Amino acid sequence: MMPGSAIRSLRQHVGLQKLSGLAGIAHSSLGPNKSYKFIQDDASGESSLACSCFRILENLELICAVGQLVYETIQAHQKVYHSGSGSMLFLAGAWSRVMLECLDRGISVAHIMSAMSEGMDICLNVCRKYSILTDGLNCTVDGQGLNDNLLMKPIVQAPCALFLLDGTAGAEKTSKQRRVKLSHSRHFYEVMSENVCTMPKSGPCEPASPDIAHLAEGLSHGCADMMHLVIKVSKIQSENCQHFTFDVTKVVSCLMPGLPEEHACVFPGCIVLTSSEQASVAEHFKEQNLKVSLIHGDLSDTYRHPGYSAPKGIRRVCDQLDSRKEEDWMEGVLTHLLRLDVNVVLASGVACEKLVEHCCRHCILVVQKVKMSVLKAFADATGAAVVRYATQLNDRCVGIGVNVAVWRDFSSKSSTVVNISTCGSSGLVTVIITSCVHSKALALEDQFWACAYRLHHALKEKALLPGAGVTELLCVSHLQKHAEHLVKPHADGKDAASLYTATVLHLMADALIDYISTMMVNTGNFSKVRARTVLSQHLEDCDGDLSLAGKFSQLFLEGHKQDSFLSSEMKSCSVPAVKVYDNMSIKQEVWRKALDVVFLVLQTDAEVITGVDPNTEGENLMLL
C-alpha cells in the first residue's frame with residue numbers, strides 16, 4: 001500500500017496528473033520522423049488527420065482547465081515561433097512528473113520551485129556557453145568553403161545577466177530563483193530572448209554572411225522538401241538585392257489540395273484562390289496597370305475598429321427595423337470605389353459576400369484575408385495608404401502599379417488561382433503547397449512555416465545551438481554534476497535544502513534523458529531501453545569532458561544503425577561537425593513556458609485543494 005502522505009499528494013495534485021497525461025500526445029511529435037494521428041468525433045463520426053502537436057490539440061475538445069491552459073499557451077507560442085509546440089508539451093509533462101515524484105518524497109512546494117528554477121538557470125547557462133555564432137559559417141551560399149572546425153567550438157562568453165520572466169534583469173542577483181508573473185493578458189507575458197554575448201569584431205569589416213545552404217540543411221529537422229522551398233523564396237527575394245536577404249513577413253502560402261505533392265512551387269507576387277466570377281475580372285485586367293486600395297479590417301457594414309467596439313449581444317431597435325442599412329452601405333462603398341477608379345481591393349479581414357458580387361459586376365477585384373505584412377508591402381510598392389474603412393479612401397490613399405493575372409484555372413474545382421503583383425519589386429513571394437489530401441496539405445504548410453521561421457530566427461539572432469538532442473545532453477551533464485557537488489561530504493553548507501535541490505536536479509536531468517531517448521525511439525532505430533542505455537554509456541564515457549557536444553554524434557538522426565552509435569568514431573576527437581541545429585530563442589522559450597505552465601498548475605493545485613492544514617507553512621504557496 002502507498003503511504004498516506006503519498007495518497008494525499010496524488011489526490012491533491014490532480015492538475016499535475018492531468019498535465020502529465022495530456023503530454024502523452026506529444027511523444028509522436030518529437031524528432032524528424034513525426035507520425036500522423038486520426039482524431040475522431042464520437043458524436044458526429046467525423047475524423048481529422050493531424051501531425052503536429054498544435055494541430056492535435058486544436059482538434060481535441062479540452063474541457064478541463066489544465067487542457068485550456070496548455071492549449072492557449074501553445075497557441076500563443078505557435079503564433080510567434082511556428083515551432084517547438086511538441087517539445088513544450090512533452091517537457092511540461094515530464095517536469096510535472098518530476099514534481100509529483102518530489103511531492104511523494106516529501107519535498108515542499110517551495111523547495112521544488114526553487115530547485116527547478118535553479119535547474120532552469122543551469123540549462124540557460126549551457127545555451128549561452130555552447131551557442132554557435134552564424135557569422136563563423138563562412139560567406140558562401142552554395143555550401144562551398146565551409147570551415148567546419150568553427151562549428152563545434154564553444155563560445156567562451158562573459159557572464160550575461162539573466163532576464164526574469166517579467167522582463168527585468170537584476171544587476172546583482174542574490175538568488176537564482178525564477179519568478180512566475182502573469183500579465184493582464186490571459187496568455188503568459190512574452191519576453192524577448194536572451195541576447196547572445198558576441199565576440200568583439202577584430203576589424204572594421206562587417207561580418208560575412210552565413211552559409212545559407214548549410215544553415216537550411218541543419219534547421220530542416222527532417223523537412224528537407226519544405227526547407228528547399230524556403231531557399232527558393234530567399235533566392236527570389238535576393239534577385240534584386242546586392243546581398244542575400246530573407247524576409248519572412250513577405251512570404252505567403254497558398255494551399256492547393258488535389259494536386260500531387262511534387263507540384264509544390266514558389267512564385268513572386270501574392271497568389272490567391274478566387275471564384276470563377278473573380279477570375280473573369282482578373283482576365284479583364286490582363287496586362288493592365290491597376291489602382292489598388294488597402295483595407296485593414298473587415299469590409300462590411302457591421303465592422304468597427306477594435307477601439308470602438310460596442311458590447312456584444314446589444315442591439316438598438318432602430319438597427320433591426322432598418323432593413324436597407326446594409327444595401328445603403330454597399331451602394332455607398334461601391335460608388336466611392338468607382339469614383340476613385342479603384343480596380344483591386346485588398347482587405348485583411350472578411351469581405352461582405354454581397355459587396356464582392358457587386359464589385360465583380362463592376363470589374364473590381366476584392367481579395368480578403370490578406371496578411372497585414374502583405375498589405376504593407378503593397379503600400380510600400382504602390383504608394384497606397386492602409387485605411388480602416390472604405391469610406392476613408394481618397395485620391396491620396398489609392399496606389400497604382402498593380403498587375404493581376406490568372407495563374408492557373410481549376411474550373412473543375414470551381415476555383416481559379418490569381419497572381420497579384422506590383423510593377424516594381426515588392427519582395428512578395430508565394431509558396432504553393434499541394435497534396436491530394438487536404439489534411440496532409442495543411443501539415444505540409446505547418447512544416448513550411450516552421451522551416452521558414454527557424455531560418456528567420458537564425459539569421460536574426462546570428463546564433464544557433466547544437467541540435468538533435470546535443471544541447472539537452474549537455475544540460476543533463478551539467479545538472480548531474482551540479483547535483484553531485486551538492487551532496488559531496490566536503491561541500492560547504494550541506495543541509496536538507498541542498499539534498500532536496502540535488503534530488504530535484506537529478507530528476508530534471510532524467511526528464512531530459514527521457515526527451516532525448518523518445519526522439520531516438522521515433523527514428524525507428526532504437527528501443528526505449530536501448531536508447532537510455534546508449535545515453536547513459538555516453539554520459540559515463542564523457543564524464544568531466546566539456547567537449548561533450550563535439551563527441552555526441554548525430555548518427556541516430558541520419559539513419560545509421562544502433563551499433564554505430566557506440567562506435568570508436570564517436571569516442572574519437574575527430575568527430576564530424578554537427579549538422580543539426582536548433583534556434584536559441586525558440587528552445588529557451590519552449591523551456592521557460594513549459595516550466596511556467598507546470599509552476600502555475602502546481603501552485604493552483606496547492607491553493608485549491610481541500611483539507612489543507614491551516615497550520616502548514618504559508619511559504620509553500622506563492623501568490624501570482
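Predicted model, so just to flag it, every value in this text is computed and none were measured.

Turning our eyes to something else, we now look at the overall build of the protein. Along the backbone of the protein there are 20 helices and 15 strands. Burial status across the protein gives 49% buried among its 624 residues. Taking all contacts inside the protein whose residues are at least 6 apart in sequence as the whole, residues at least 24 apart take part in 75%. Element-wise, carbon and sulfur atoms account for 52% of the exposed surface of the protein, whose accessible area totals about 30200 Å².

On average, residues of the protein score 75 in pLDDT, and 71% of them are at 70 or above. Low pLDDT, under 50, characterises residues 138-207; the predicted model gives this stretch 125 contacts beyond four residues in sequence or across chains. Confidence over residues 617-624 falls short of pLDDT 50; this stretch has 15 contacts with residues more than four positions distant or in other chains.

Overall, antiparallel pairing links the 3 strands, which are arranged 3-14-15 in an open sheet. Each edge of the open sheet is held by one strand with a lone partner, namely strand 3 (132-133) and strand 15 (581-583). Sheet topology note: the strand 14 (residues 463-466)/strand 15 ladder contains 3 bridges and is antiparallel. Across the sheet, the residue bridging to P466 is Y581, located in strand 15. Where helix 7 (residues 212-219) meets the sheet, its contacts fall on strand 14 and strand 15, and the angle it forms with strand 15 comes to roughly 85°.

Turning our eyes to something else, we now look at the packing of aromatic side chains. Tallied over the entire structure, the rule returns 4 aromatic pairs. Aromatic pair F448 and W449: ring centres 5.3 Å apart, planes at 70°, arrangement edge-to-face. Accessibility expressed as a relative area gives 10% for W449, which makes it buried. An aromatic cluster is defined as three or more aromatic residues linked by ring pairs; in this entry it consists of F448, W449 and Y453.

Bringing the environment of Q237 into the picture now. Within the secondary structure layout, Q237 lies in helix 8 (residues 224-238). Between the alpha carbons of Q237 and L428 there is a distance of 7.6 Å; along the sequence they are 191 residues apart. Those residues in contact with Q237, other than ones at most four positions away along the chain, are T245, F246, D247, K250, V251, G427 and V429. Of the polar contacts made by the side chain of Q237, one reaches the backbone nitrogen of D247; its length is 2.8 Å.

We now examine the pattern of salt bridges. Following the criterion strictly, the structure yields 11 salt bridges and no others. Residue K587 is joined to E472 by a salt bridge in which the shortest nitrogen-to-oxygen separation is 2.5 Å. Of this pair, K587 sits in helix 20 (residues 584-608) while E472 sits in helix 15 (residues 470-486), and the two are 115 residues apart along the sequence. Judged on exposure class, the residue K587 and its partner E472 are both buried. Here R592 and E589 are joined by a salt bridge, their closest N and O atoms 3.0 Å apart. Taken together, the residues R592 and E589, both in helix 20 and 3 residues apart, mark about one turn of the helix. Neither R592 nor E589 differs from the other in exposure class; each is buried. A cluster of three or more residues bridged by salt bridges with shared partners is formed by R55, E58 and D446.

What follows covers helix 11 (residues 325-339). An α-helix turns once every 3.6 residues. As a result, residues three or four positions apart point the same way. When the terminal C-alpha atoms of helix 11 are compared, their 21 Å separation across 15 residues agrees well with the 21 Å that a helix rising 1.5 Å per residue should span. When helix 11 is considered as a whole, its buried residues turn out to be W329, M330, V333, L334, H336 and L337. The arc that holds every buried residue of helix 11, seen down its axis, measures 160°, which confines them to one face. In helix 11, the exposed residues that point more than 90 degrees away from the buried face are E331 and R339.

Where helix 7 contacts helix 14 (residues 438-461), the two axes come as close as 10 Å, and the packing angle between them is 130°. Our classification of the angle between helix 7 and helix 14 gives oblique. Considering only the axes of helix 7 and helix 14, their crossing is right-handed. Between helix 7, through I212, L215 and L219, and helix 14, the contact on the second element is made entirely by R454, L455, A458 and L459. Across the contact of helix 7 with helix 14, the residue classes tally to 6 nonpolar, no polar and 1 charged.

Turning our attention to the side chain of R454. Looking at where R454 falls in the secondary structure, it is placed in helix 14. Buried within the structure, R454 lacks any salt-bridge partner; D582 is the closest side chain of opposite charge, at an N-O distance of 6.8 Å. For R454, the side chain forms a polar contact with the main-chain oxygen of S220, separated by 3.3 Å.

Turning next to a negative patch on the surface. A contiguous patch of negative charge on the surface is contributed by D41, D42, E46 and E61. Position of D42 among the secondary structure elements: in the loop between strand 1 (37-40) and strand 2 (47-50). The exposure class of D42 is exposed, given its relative accessible area of 77%.

For the rest of this paragraph, the subject is the sheet that holds strand 4 (residues 251-257). Read from one edge to the other, the open sheet built from 3 strands follows the order 4-13-5, with strand pairing classed as mixed. Every interior strand has two partners, whereas the edge strands, strand 4 and strand 5 (265-268), have only one. In this sheet, adjacent strand axes meet at a mean angle of 25° when their direction is disregarded. Direction of pairing for strand 5 relative to strand 13 (residues 429-435): antiparallel, over a ladder of 4 bridges. Within strand 13, the residue paired with P268 across the bridge is V429.

This part is about the environment of H228. Here H228 shows up in helix 8. Residue classification places H228 among the partly exposed positions, given a relative accessible area of 47%.

With that out of the way, let us pick up the packing of helix 11 against helix 12 (residues 353-361). It is the contact of helix 11 with helix 12, at a shortest axis distance of 10 Å, that shows an interaxial angle of 40°. In this structure, helix 11 crosses over helix 12, and the sense of that crossing is right-handed. Along the contact surface, helix 11 presents E326, E327, W329, M330, V333, L334 and L337, while helix 12 presents K354, L355, H358 and C359. Here the residues of the contact of helix 11 with helix 12 are counted per class, giving 7 nonpolar, 1 polar and 3 charged.

The rules we used
- Residues numbered from 1 in each chain as written.
- Predicted model: local features only at pLDDT ≥ 70, side-chain atom pairs only at ≥ 80, totals over all residues.
- Heavy atoms only, no water.
- Helix = DSSP H or I, 4+ residues; strand = E, 2+ residues; numbered from the N terminus.
- Buried < 20%, exposed > 50% of the residue type's maximum accessible area, 1.4 Å probe, protein only.
- Contact = heavy atoms within 4.5 Å.
- Areas by Shrake-Rupley, 256 points an atom, 1.4 Å probe, with all protein chains shown as cover.
- pLDDT = per-residue confidence, 0-100.
- Pairing = 2+ DSSP bridges.
- Axes fitted to C-alpha atoms, helices over the stretch in contact; angles between N-to-C directions.
- Phe/Tyr/Trp six-rings, centres within 6.5 Å; stacked < 30°, edge-to-face > 60°.
- Polar contact = N/O pair within 3.5 Å; in protein donor to acceptor, adjacent residues only side chain to side chain.
- Salt bridge = Lys/Arg side-chain N within 4 Å of Asp/Glu carboxyl O.
- Expected span 1.5 Å × (residues − 1).
- Arc of directions from axis to C-beta.
- Parallel < 35°, antiparallel > 145°, perpendicular 65-115°, else oblique.
- Left-handed = near helix turned anticlockwise from the far one by under 90°.
- Nonpolar A, V, L, I, M, F, W, Y, C, P; charged D, E, K, R; others polar.
- Lys, Arg positive; Asp, Glu negative; His and termini not counted.
- Patch = residues over 30% accessible without salt bridge, like charges linked within 9 Å, V, L, I, M, F, W, Y side chains within 5 Å.
- Charge placed at Lys NZ, Arg CZ, Asp CG, Glu CD.

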